[in-house]
Amino acid sequence: MHPRLSPRLFAAAAAIALCLPAQAQAAEERAFDVPKGSLSTALPLISRQAGVSISVGDAKLWQGRVKPVRGRMSVEEAIRRLLAGSDARAVRVSATSWRIERRPVRVARSASAPRHAPQPRAREPAQDTVAAAQDEIIVTASKTDLPLSHFAGVVTKLDGGDLAFGGERGMDSILSRTATVSSTHLGPGRNKLFIRGIADSSFTGPTQSTVGQYLGDIRLSYNAPDPDLRLYDIDNVEILEGPQGTLYGAGSLGGIIRVIPKAPDPREMTVQAIAGLSITQHGDPGGDIAAIANIPVSDNGHALRLVGYMLTDGGYIDNPLRGQNDVNRVHIRGGRGTFRFEADDDWAVDFGGVYQAITSDDAQYADKNGAPLTRNSMVEQNATARYGMGTVVVMKDWDDLHFQSSNAYIDHRLFERFDASLPEARRGTDMSSGGVPVPPSIGAVDVERLFAPIQVVPLNDVPRVLDQHNATRMFVSENRLSRPYRDGLGWVIGASFIDNRTRQNREYGYGPLRAILPGVTNKITEFTGYAEATVEVMPDLIASGGVRLSHAKLGGAAEGVSFALAQANRATTASRKETDLLPSVSLLATPLHNVRLYARYQEGFRPGGLAVDGNFVRRFLNDQVRTWEAGMRFGDKGQSLLDASISISHSRWRNIQADFIDSTGFPTTANIGDGRITSLSGAVAMRPTAALTFELGAVYNHSRVDDLAPQILPVFDAAPGRLGRIPNVASHAVRGSVNYATVIGDEDFRVNGWANYIGPSRLGIGPVLGESQGDYVDTGVAMRVGNERRGLSLTLTNLFDSRGNRFSLGTPFLEGNEGFLTPLRPRTLRIAVDVAY
């Protein structure tokens, strides 16, 4: 030993020397050529080419499918690529030996109890194929698989199993679990969604939604209402708050909701069935049934996944005027299917289809001044929604790059009937309260003018309806190349094409007579290119920046008008072009362990269009939102004893597109002016034990509409300046939940309870729609006992049987709307069983 080398230094040097072979083995690059197939055939090849010993700890893993490995790389990288997308991971045993074992079960985001690992997502590389200290939440909506710890913004990730727990309720399942997402409540398949106070109106008009909705990477709609697809067999849901114009383009002013379905799994065949029966106090019973099947098709990785369901929600609104009880029953049926074809050279193609039909027997609203849960209406205000979509998604992974081409054709049809009868007729002999004045446009004078040549019946005793048909067809294609975030760098570059056509036809019915009212067709063809990159500029500081260039051609036509009026509208309906540039930039810093600070700037927009204005067609311009946001996150979701987040954002909204009641009494659309929205939101979760979780979230929105457009002032009979709050968004909302999960004998037991307070909001823009709504509490509790093969569930919603007022719009064709409210579904008990094979 060297005289100056102490024994302690010598021991340290010896330890380092002993570690060097292992590090050299891991870092040394070798040539690999391992085709895809089963683990049993690939393992001997990769073991021989790597010069290491690899054992398998679970015999069931031998038949699992693995990816091909080709090129020069380290042994660790080769094993990671081999096991990507499988439910196996590799653990280093020594310098020259590895062990393959099944990945540990993930921990659910909103529950500390273990659950089964989710099915692999479409072409999404597994994040733990090589054992790591902990699982990390990945924000796939970033299009670069950015870890949540590196994402500068507010994102909520809801587990699919949690959404289905206690019964599948479509979009209501998401609304009950988030404080920042809100909705109108006309009925299933007819609603508009809003995020973070960016809301325009109560109606489904020609304006594009302020929230982008996606199934995987496919846009669900353009300027149509929420299709309210049932969320069976869903992996997870990601909600990104604030404008997302750079990555998602038009129609994402408030944010996006991305539903990620489970992908076909070629490893094993599974069948699951769910059946439930519900009983509603003061109403009719309902039920639901669903089946899910995953079918491997061959040994080459092909697989088919199918979902089918039928639901009936019992009615609870009575119509004494027609002598009918529980009139607002809703029927839903639909399905989804995906076939995965694994081609050669690591290409994969998913062929998919979605269909859903919703039939509402009658409207969901009641008379505010009548007996509870009653409405006097001379007509049945039924509605039907039909949604169909076919998809083709092509994917390929090589080295560190991922290519994806997502293509879809959508056909979406909606029929709605509104009661336009006179209040005197609606009042009837059983009506306990008075009516309200009628707008002159729907009164006797206008009806006499419409039907003067054949008028033979008294005016006030005949039911009147307005039927509205919306038909949307859309083709969408997005192609992108990305480098998933790794080693401090991630980027995406892409291009998209959208061709959308929406036709709105309206018809006024007066007894047996019909009159065609003016309608409108909107057309848009949009080409966009975008790019975004995320870079770790220095330790604990991450920067992101991107830009999107969008070029759109817009056009349309008036429907159901005379030739003379069509000619008069030609200048308005002539095609035109718009070009928009949407930049984004963000910074995220980690000054302390588990403490992250971020700042972000983002923009969003909606293109213009055409709207009906009396007998003419009005053109409205595009609107744009610019948002500045800052926030802080503490802790790691699902890992820390305590995690919390808070964010504040300020948005300037220029040329707000809004639907409102015009001077003739019908809904129309226009740019009403500019506005500003300030939003403060926060969330905290605490896990005092492994079995118990508490969650609390809240949001405060302050919004104003100001700088009114001059052409709008006469309609609103308002003075220049502020008009008031932006509609349909509560000034504040609070959500709390508690989750407990444990094991009793051989059975899992879980119970989840929640309470949501929705603060006050206003119905719409203008004096006719100035009614208040909201200010109610929604509660529920759900529990399940069973295991992975079978289970029994019990769910009770609206524990206190409260009424509330979710939405003040009954029918837009009776002035004032002070007589309407949309109550919560009364206390409902659901009992269900689920089995899996």
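Note that the structure is predicted; figures quoted are calculated from it, not measured.

Chemist: Account for the overall build of the chain, naming residues and giving values.
Modeler: On a plain count of helices and strands, the chain comes out with 11 helices and 44 strands. Within the span of the chain, comprising 837 residues, buried residues form 57% of the whole. For the chain, contacts bridging at least 24 residues in sequence account for 68% of all contacts bridging at least 6.

Chemist: Lay out the packing of aromatic side chains in plain terms, naming residues and giving numbers.
Modeler: Aromatic ring pairs: the centre-centre distance and the angle between the two ring planes describe each pair. This structure, assessed with the given rule, holds 7 aromatic pairs. Seen in terms of ring centroids, Tyr601 and Trp628 are 5.4 Å apart; in terms of plane orientation they differ by 50°. Their pairing is tilted. Of this pair, Tyr601 sits in strand β30 (residues 595-606) while Trp628 is found in strand β33 (residues 623-634), placing the two residues 27 residues apart along the sequence. One aromatic cluster is present, formed by Phe475, Phe497 and Phe527 through successive ring pairs. It is Arg375 that lies over the ring of Tyr365; its NZ or CZ is 4.7 Å from the centre.

Chemist: I'd like a description of the confidence of the model for the chain, backed by residues and values.
Modeler: With 82% of its residues at a pLDDT of 70 or more, the chain shows a mean pLDDT of 83. In this model residues 718-722 is a low-confidence stretch, pLDDT under 50, and it forms 13 contacts with partners more than four residues away in sequence or in other chains.

Chemist: Outline the pairing of strand β17 (residues 270-280), supporting the account with residue identities and numerical values.
Modeler: Sheet topology places β17 next to strand β18 (residues 286-296); 9 bridges connect them, and they run antiparallel. Along β18, the bridge assignment pairs Ile274 with Ala290. Across 9 bridges, the pairing between β17 and strand β44 (residues 828-836) is antiparallel. Counted as the bridge partner of Leu277 is Ile831 from β44.

Chemist: Which residues make up the side chain of His412, and what are the values?
Modeler: Relative to the helices and strands, His412 is located in strand β24 (residues 401-419). Its relative accessible area of 4% is what places His412 among the buried residues. Residues within four places of His412 in sequence aside, it is in contact with Ala224, Pro225, Pro227, Arg386, Tyr387, Asn470, Ala471 and Thr472.

Chemist: Explain the environment of Pro227 residue by residue, including any values.
Modeler: Note that Pro227 resides in the loop between β14 (218-219) and β15 (234-241). Here the alpha-carbon distance between Pro227 and Ala385, two residues 158 residues apart in the chain, equals 7.8 Å. The contacts of Pro227, once residues within four sequence positions are left out, are Gly189, Gln213, Leu220, Gln356, Ile358, Tyr387 and His412.

Chemist: Could you give me a rundown of the sheet that holds β14, with the residues and numbers involved?
Modeler: Reading across the sheet, the 5 strands line up as β10-β15-β16-β13-β14 and stay open at both edges, with mixed pairing between neighbours. For this open sheet the edge positions go to β10 (155-159) and β14, each flanked by a neighbour on one side alone. Two strands pair when backbone bridges link them, and strand β13 (residues 211-215) and strand β16 (residues 255-261) are joined in this way by 5 bridges, in the parallel orientation. Bridging across to β16, Gly212 finds its partner in Ile256.

Chemist: Just give me the short version of a nonpolar patch on the surface, but keep the residues and values in it.
Modeler: Nonpolar side chains collect at one region of the surface, where Phe634, Leu641, Leu642, Val684, Met686, Phe694, Leu696, Val734 and Val738 lie side by side and expose about 710 Å² of accessible area between them. Mapped onto the nonpolar patch, the elements with two or more residues apiece are β37 (674-689), β38 (692-706) and β39 (732-744). Locating Met686 in the fold gives a position in strand β37. Its relative accessible area of 39% is what places Met686 among the partly exposed residues.

Chemist: Run through the packing of helix α2 (residues 39-50) against helix α3 (residues 75-83), naming residues and quoting values.
Modeler: Packing of α2 against α3 leaves a shortest axis separation of 11 Å and a crossing angle of 170°. In terms of their interaxial angle, α2 and α3 are classed as roughly antiparallel. Together, Leu39, Ala42, Ile46 and Ala50 of α2 and Val75, Ala78, Ile79, Leu82 and Leu83 of α3 make up the contact between the two elements. In terms of residue class, the contact of α2 with α3 is built from 9 nonpolar, no polar and no charged.

Chemist: Go over the environment of Leu829 with me, naming the residues and quoting the values.
Modeler: Tracing the backbone shows Leu829 in strand β44. Look at Leu829 and you get partly exposed, because its relative accessible area is 32%. For the pair Leu829 and Asn798, spaced 31 residues apart in sequence, the C-alpha separation works out to 9.3 Å. Not counting chain neighbours up to four residues away, the residues in contact with Leu829 comprise Leu277, Ser278, Ile279, Leu794, Thr795 and Leu796.

Chemist: Tell me about the nonpolar core, and name the residues and values.
Modeler: Counting 37 residues, the largest nonpolar core has Ile174, Val237, Ile239, Ile257, Met389 and Ile410 as the members making the most contacts within it. Not counting residues within four places of it along the chain, the set of residues in contact with Ile174 comprises Leu158, Leu163, Leu231, Val237, Ile239 and Ile257. By size, the runner-up hydrophobic cluster in this structure holds 23 residues, among which are Leu39, Ile46, Val56 and Ile79.

Chemist: Summarise the environment of Met395; cite the residues concerned and give the values.
Modeler: Along the chain, Met395 falls in strand β23 (residues 383-398). Once the C-alpha coordinates of Met395 and Glu342 are considered, the two residues, 53 residues apart in sequence, prove to be 9.7 Å apart.

Chemist: Outline the pattern of salt bridges, listing residues and values.
Modeler: Side-chain pairs of opposite charge can arise where the charged atoms are in close proximity. For the coordinates displayed, the defined rule picks out 45 salt bridges. Between Arg267 and Asp87 there is a salt bridge, and its shortest N-O distance comes to 3.2 Å. Here Asp87 lies in the loop between α3 and β6 (88-94) and Arg267 lies in the loop between β16 and β17, a separation of 180 residues in the sequence. Overall, Asp87 belongs to the partly exposed group, its relative accessible area being 22%. Here the salt bridges share partners, and the residues they tie into one network are Lys143, Lys157, Asp217, Glu238, Arg258, Glu478 and Arg480.

Chemist: I'd like a rundown of unusual backbone geometry, residues and numbers included.
Modeler: Backbone geometry places Asp145, a non-glycine residue, at a positive phi of 50°. Among the structural elements, Asp145 can be located in the loop between β8 (138-139) and β9 (146-147). The backbone phi angle of Leu373 is positive, close to 60°, even though this residue is not glycine. Of note, Leu373 is situated in the loop between β22 (366-367) and β23. Classification of Leu373 by relative accessible area gives buried; the value is 8%.

Chemist: Would you mind going over α3 in detail, with residue names and values included?
Modeler: Given 3.6 residues to a turn, an α-helix orients residues that are three or four positions apart in the same direction. Counting buried positions along α3 gives 7 out of 9 residues, so the element sits mostly inside the fold. Along α3, the residues that are buried comprise Val75, Glu77, Ala78, Ile79, Arg81, Leu82 and Leu83. Positive backbone phi, at 85°, marks Gly85, one or two positions downstream of α3.

Chemist: Run through α2, naming residues and quoting values.
Modeler: Taking 1.5 Å of rise per residue, the 12 residues of α2 would be expected to cover 16 Å, and the 15 Å separating its terminal C-alpha atoms lies within 8% of that figure. Those residues of α2 not exposed but buried are Leu39, Ala42, Leu43, Ile46, Ser47 and Ala50. All buried residues of α2 fall inside an arc of 130° around its axis, so they share one side. Opposite its buried face, α2 presents the exposed residues Thr41 and Arg48, each directed more than 90 degrees away. After α2 finishes, the residue Gly51 shows a positive phi value of roughly 70°.

The rules behind the values
Residues numbered from 1 in each chain as written. Predicted model: local features only at pLDDT ≥ 70, side-chain atom pairs only at ≥ 80, totals over all residues. Heavy atoms only, no water. Helix = DSSP H or I, 4+ residues; strand = E, 2+ residues; numbered from the N terminus. Buried < 20%, exposed > 50% of the residue type's maximum accessible area, 1.4 Å probe, protein only. Contact = heavy atoms within 4.5 Å. Phe/Tyr/Trp six-rings, centres within 6.5 Å; stacked < 30°, edge-to-face > 60°. Lys NZ or Arg CZ within 6 Å of the ring centre and 35° of its normal. pLDDT = per-residue confidence, 0-100. Pairing = 2+ DSSP bridges. Patch = residues over 30% accessible without salt bridge, like charges linked within 9 Å, V, L, I, M, F, W, Y side chains within 5 Å. Areas by Shrake-Rupley, 256 points an atom, 1.4 Å probe, with all protein chains shown as cover. Salt bridge = Lys/Arg side-chain N within 4 Å of Asp/Glu carboxyl O. Axes fitted to C-alpha atoms, helices over the stretch in contact; angles between N-to-C directions. Parallel < 35°, antiparallel > 145°, perpendicular 65-115°, else oblique. Nonpolar A, V, L, I, M, F, W, Y, C, P; charged D, E, K, R; others polar. Core = buried A, V, L, I, M, F, W, Y, C linked by side-chain atoms within 4.5 Å. Expected span 1.5 Å × (residues − 1). Arc of directions from axis to C-beta.

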